[in-house]
Amino acid sequence: MNNPCPFSMQHAVKTGGVAAIELRQLSKRYKGARAPALNGIDLTVREGGFFGILGPNGAGKTTLMSVLGGLLKPSSGSVLINGQDLQRHRAAIKRVLGMVPQEPAIYPTLTARENLEYFGRMQGLTGKHLQSRVEACLEIAEISGEADQRVEHFSGGFKRRLNLVIGLIHEPRILILDEPTVAIDPHSRALIHQRLRELHAAGISILISTHYMEEAEQLCQEIAIMHHGRILVQGTVGDLLAMQRNETIQMQLTGDPPAALAQKLQKLPGLQNAFVSGRCVMVTAERPDEIAVQLMQTVHEHGLGVHSMGFGASSLEQVFLSLTESKAEK
Amino acid sequence: MKQNLTKLVASILKEARIIGRDRQALFLFFVMPVVFVLILSLALRDAFGERPGATFPVLVVAGDRGEISANVIRAFRSNSHLQLTESDHASEVQVRQWLIEGRYMFAVLIPPGATEQAKRRIGEMAARVPKELLTEKPVEVRVLADPALRGDYRKVLEGALSLALHGVEMRLGGEQLDQLLKTTLGERYVPMPDMEQTPVFMPIHSEVVTKERGDPTPTSVQQNAPAWTLLAMFFLTVPLSVSFIKEREQGSLFRLQTMTVPAWVVLGGKALPYFVINLIQMASILAVSVHVLPLLGGDRLDLGHSPLAILVMGASASLAAIGFGIAVAMYARTAEQAASFSSAVVMIMAALGGILVPKAVMPPLMQDLAVFSPLSWGLDGFQDVFVRGGAVMQVMPEALGLLAFSALCHGIAILRYESRI
């Protein structure tokens, strides 16, 4: 039995036409695993949309990407790409999908140009069209000067850039990226972000998984937070921040709190969860206004004052932590 | 279909580039097997066929200066498998010490005056002296042997010695008979013709029976060249499976699976360059065995009469090896697992199949078990051509067996590849 998304905000998705990607009650359980890697995922990426999936390690992001790429069969549920079922129209769908895997999926002893030519041919490109696409991709990745160097001599950033443009060689209408900027230099990350914005502006539908909050905030129109194979919440960044507004209190203390403070806070009636990090305290509760006074009294009992206090999360990171930590507790 | 063939060609070129840039792999693929065949063919040259060479050091202590010593020495000297040393004064104690030191493997001690003693005994016998009144004892020729000398070889040497002694016995007996006739017949006596000049039997010449005409003798190189060619082919399963798993670990294989690339293109693109490498390996090993080995003192490989049969066997063995490598790659989780599993299985199949130890020297049970090794089928097929002069029809059973093994392995691999999506 799949539980529905606890904080579903499907209304935020503008469904003007056929969705680029639509997942319906998608589940995947690996053989012998105790818990499913994906558990009743419902998700829609509209045509031309930029959708981010946030989640801690082990949340199921890569499994989801593998199902979308046709590498894994789902245990149940369906995947619709441009309205077509992935299982039934695999070949046609693969032609419009561009996959960018998490680790650079390239041949290290081939040059960048040879890698692009090879994968271009595998996508069915030939002749002048192939050559023009190879040159275009080298320019997009800003590695034209290194085109004839073996990839094994590339830096991590250059490998990631090449990894990205290989996914673009056949000009896909839908791009799926699995953590494309993990462990790379700021310049390469900025370049990849810039290229993704340009692709989005050109009408490409993009689905990206990441665990960088600022990346998701900067790039994505819509975001889903995933944890333990489930989507906890999805919507625009504004939606997510607003949703948490009525459930969160943040406090900045005047001094460093003792370790006992967090334990004391956890015992307050009506409080769901409490996080203490440095002089910052964040608590979640169904009725935060009802516990605000008790909260301040508890802080004072520990000889501390309140520098500032506010309702609602101020960043996506706070939303992410409050959701994933509270779900982990439960 | 045309588009998929284009993809296949691109995959083959990609793989060829990757292999071509790996110098260590190229060394292992082409230089190692050739060096191996050269060394083993030269080292084992005298363990096969009828090649003479430095074999057994044999000592004859000829205490007797007469006919017995001369005949024994002549008999042993005519055997090119023996390295003969003569002595006329060494003591038995000294000879025993030499054998313990490993200086000789077989020693014959002929006592002083042995020929005269034999003549006297024959003279008494010719004079019809009753057996119990004979004063001369039989001549005692002693043999001492190194325990390292194989029992069958020792028996052969004892047989040769016995034959030489019987020759002397016959000759001396003939002389006595001749003398008796001369005395009895007086002027009517006509001497017997010399038996050595007018033999009763033709010299023995054994003919090796083959399927076709000719008389090819199996040699070390005819065992080693196909054996090590097959082992090199099957050992290619290690780099093949490792390269496949590396591609999976690098993610490029998964990337291909997100594209419209059929399994046969991916597997074929990987397999065909290795097939070509296998054929080049075979050609280079055979070329070295034909042209280089004789220059180093080894035997020249006789390739038989059917190049097509050699090609059929090479291609079948290669496809079997590649199928095995790809099947291993599909099931192994890591490159280390694939490398250790495939090399272990190949070594077992090689040992079982008569590659490491010729089947001819195996006991019957092991020879029966060899039928389970594809390398054994390969070796039988090659030897049908090289040793027994067979053509394509003669190697078909072995070739079809290898192709069936290949088809089974490829089928398993494709099913596994497809089932992962």
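1. Description of the overall build of chain B
- Looking only at helices and strands, one finds 15 helices and 4 strands in chain B.
- Its C-alpha atoms give chain B a radius of gyration of 32 Å, more than 25% over the compact-globule value 22 Å for 421 residues.
- Each principal axis of the C-alpha distribution contributes one length, and for chain B these read about 110 × 45 × 40 Å.
- Relative to its 421 residues, chain B shows a buried fraction of 44%.
- A separation of at least 24 residues holds for 79% of the contacts in chain B among residues at least 6 apart in sequence.
- On chain B, roughly 22,100 Å² of surface is accessible, and the fraction owed to carbon and sulfur atoms is 64%.
- In chain B, 38 positive and 37 negative side-chain charges are present, and the distance between their average locations comes to 11 Å.

2. Things to note about the overall build of chain A
- On a plain count of helices and strands, chain A comes out with 11 helices and 14 strands.
- Split into buried and exposed, the 330 residues of chain A put 54% on the buried side.
- Across chain A, every contact between residues at least 6 apart in sequence was considered, and the portion connecting residues at least 24 apart equals 71%.
- Per element, the accessible surface of chain A, about 14,200 Å² overall, is 50% carbon and sulfur.

3. Describing the sheet that holds strand E8 (residues 205-210) of chain A
Residue and element names in this part refer to chain A.
- One open sheet holds the 6 strands; their spatial order is E6-E7-E8-E3-E9-E10, and the pairing between them is mixed. The strands lining the two open edges of the sheet, one partner per strand, are strand E6 (97-100) and strand E10 (230-236). Between one strand and the next, the sheet's axes are offset by a mean angle of 15°, whatever the strand orientation.
- As judged from the 4 bridges shared by E6 and strand E7 (residues 174-178), these two strands associate in the parallel manner. In the strand pairing of E7, Val100 is matched with Leu177.
- This element, helix H1 (residues 61-68), spans strand E3 (50-54), E6, E7, E8 and strand E9 (222-227) of the sheet and lies at about 150° to E8.

4. Quick look at a nonpolar patch on the surface
- Taken together, the side chains of Phe27(B), Leu28(B), Val31(B), Met32(B), Val35(B) and Ile39(B) present a nonpolar region at the surface, about 520 Å² in accessible area.
- Along the polypeptide, Leu28(B) turns up in helix H2 (residues 23-43).

5. Let's talk about the domain arrangement of chain B
- Structurally, chain B comprises domain 1 (2-49 + 217-419) and domain 2 (56-188).
- If you average the C-alpha positions of domain 1 of chain B and of domain 2 of chain B, the two centres end up 54 Å apart.

6. Remarks on the interface of chain A and chain B
- At the interface, 32 residues of chain A touch 23 residues of chain B.
- Interface area for chain A against chain B, summed over the two sides, is near 2,500 Å², with a carbon-plus-sulfur share of 59%.
- For chain A, the biggest contributors to the area lost against chain B are Leu71(A), Tyr107(A) and Met122(A); these three give 27% of the whole.
- At the boundary of chain A and chain B, one finds 2 salt bridges.
- For the salt bridge of Arg17(B) with Glu114(A), the shortest nitrogen-to-oxygen distance reads 3.4 Å.
- There are 11 residue pairs in polar contact (both at pLDDT 80 or more) connecting chain A and chain B.

7. Some words on the nonpolar core
- In this structure, Leu116(A), Leu162(A), Leu175(A), Leu196(A), Ile223(A) and Ile225(A) are the most contacted members of the largest nonpolar core, which totals 128 residues.
- It is helix H11 (residues 307-331) of chain B that provides the largest number of residues to this core, a total of 14 residues.
- Look past the residues within four positions of Leu162(A) in its chain and what remains in contact with it is Ile106(A), Ala112(A), Asn115(A), Leu116(A), Ile143(A) and Val151(A).
- If you look at the next biggest cluster of nonpolar residues, it comprises 28 residues, including Leu26(A), Leu72(A), Leu86(A) and Leu207(A).

8. Quick notes on the pairing of E8(A)
Residue and element names in this part refer to chain A.
- The buried fraction of E8 is high, at 6 of 6 residues.
- Where E3 and E8 come together, 5 bridges link them in parallel fashion. The residue bridging Phe50 from the neighbouring strand is Ile206, located in E8.
- Judged from the 5 bridges that link them, E7 and E8 form a sheet pairing that is parallel. The partner of Leu175 across the bridge, within E8, is Ile206.

9. Considerations on the sheet that holds strand E1 (residues 56-62) of chain B
Residue and element names in this part refer to chain B.
- Taken together, 4 strands build an open sheet; the order of strands is E2-E1-E3-E4 and the sheet is mixed. Either end of the sheet is taken by a strand with one partner, and the two such strands are strand E2 (82-87) and strand E4 (142-145). For this sheet, the mean inter-axis angle between neighbouring strands, taken without regard to orientation, is 20°.
- Across 4 bridges, the pairing between strand E3 (residues 106-110) and E4 is antiparallel.

10. Concerning the domain arrangement of chain A
- Domain assignment breaks chain A into domain 1 (10-241) and domain 2 (247-311).
- The distance between the C-alpha centroids of domain 1 of chain A and domain 2 of chain A comes to 40 Å.

11. Considering H11(B)
- Under the 1.5 Å per step criterion, the end-to-end length of H11(B) is 37 Å for 25 residues, consistent within 8% with the ideal 36 Å.
- Of all 25 residues making up H11(B), 19 are buried, and the element is well covered by its neighbours.

12. A word on the confidence of the model for chain B
All names here are of chain B.
- Summarising the model, chain B shows a mean pLDDT of 85, and 93% of its residues fall at 70 or more.
- Across chain B, element-level confidence peaks in H11 with a mean pLDDT of 94 and bottoms out in H2 with 82.
- In the predicted structure, residues 212-217 sits below a pLDDT of 50 and forms 16 contacts with residues beyond four places in sequence or in another chain.

13. Details of helix H15 (residues 392-419) of chain B
Residues and elements named next belong to chain B.
- Look at H15: 38 Å from first C-alpha to last across 28 residues, which is about the 40 Å you get at 1.5 Å a residue.
- Here H15 has its buried residues at Val395, Glu398, Ala399, Leu402, Phe405, Ser406, Cys409, Ala413 and Tyr417.
- Looking at the buried residues of H15, the elements they touch are helix H9 (252-257), helix H10 (263-292), H11 and helix H14 (374-386).

14. Observations concerning the packing of helix H8 (residues 237-250) of chain B against H10(B)
Residues and elements named next belong to chain B.
- The N-to-C vectors of H8 and H10 enclose an angle of 145°; their axes lie 11 Å apart at closest approach. Taken as a pair, H8 and H10 cross one another with a handedness that is right-handed. On H10, the residues that touch Pro239, Leu240, Ser243, Phe244 and Glu247 of H8 are Val266, Leu267, Lys270 and Tyr274.
- Tallied by class, residues from the contact of H8 with H10 come to 6 nonpolar, 1 polar and 2 charged.

What counts, and at which threshold
Residues numbered from 1 in each chain as written. Chains lettered and ligands numbered in written order. Predicted model: local features only at pLDDT ≥ 70, side-chain atom pairs only at ≥ 80, totals over all residues. Heavy atoms only, no water. Helix = DSSP H or I, 4+ residues; strand = E, 2+ residues; numbered from the N terminus. Rg over C-alpha atoms; globule rule 2.2 N^0.38 Å. Buried < 20%, exposed > 50% of the residue type's maximum accessible area, 1.4 Å probe, protein only. Contact = heavy atoms within 4.5 Å. Areas by Shrake-Rupley, 256 points an atom, 1.4 Å probe, with all protein chains shown as cover. Lys, Arg positive; Asp, Glu negative; His and termini not counted. Charge placed at Lys NZ, Arg CZ, Asp CG, Glu CD. Pairing = 2+ DSSP bridges. Axes fitted to C-alpha atoms, helices over the stretch in contact; angles between N-to-C directions. Patch = residues over 30% accessible without salt bridge, like charges linked within 9 Å, V, L, I, M, F, W, Y side chains within 5 Å. Salt bridge = Lys/Arg side-chain N within 4 Å of Asp/Glu carboxyl O. Domains from an automatic or database assignment. Buried area = accessible area lost by both parts, 1.4 Å probe. Polar contact = N/O pair within 3.5 Å; in protein donor to acceptor, adjacent residues only side chain to side chain. Core = buried A, V, L, I, M, F, W, Y, C linked by side-chain atoms within 4.5 Å. Expected span 1.5 Å × (residues − 1). pLDDT = per-residue confidence, 0-100. Left-handed = near helix turned anticlockwise from the far one by under 90°. Nonpolar A, V, L, I, M, F, W, Y, C, P; charged D, E, K, R; others polar.

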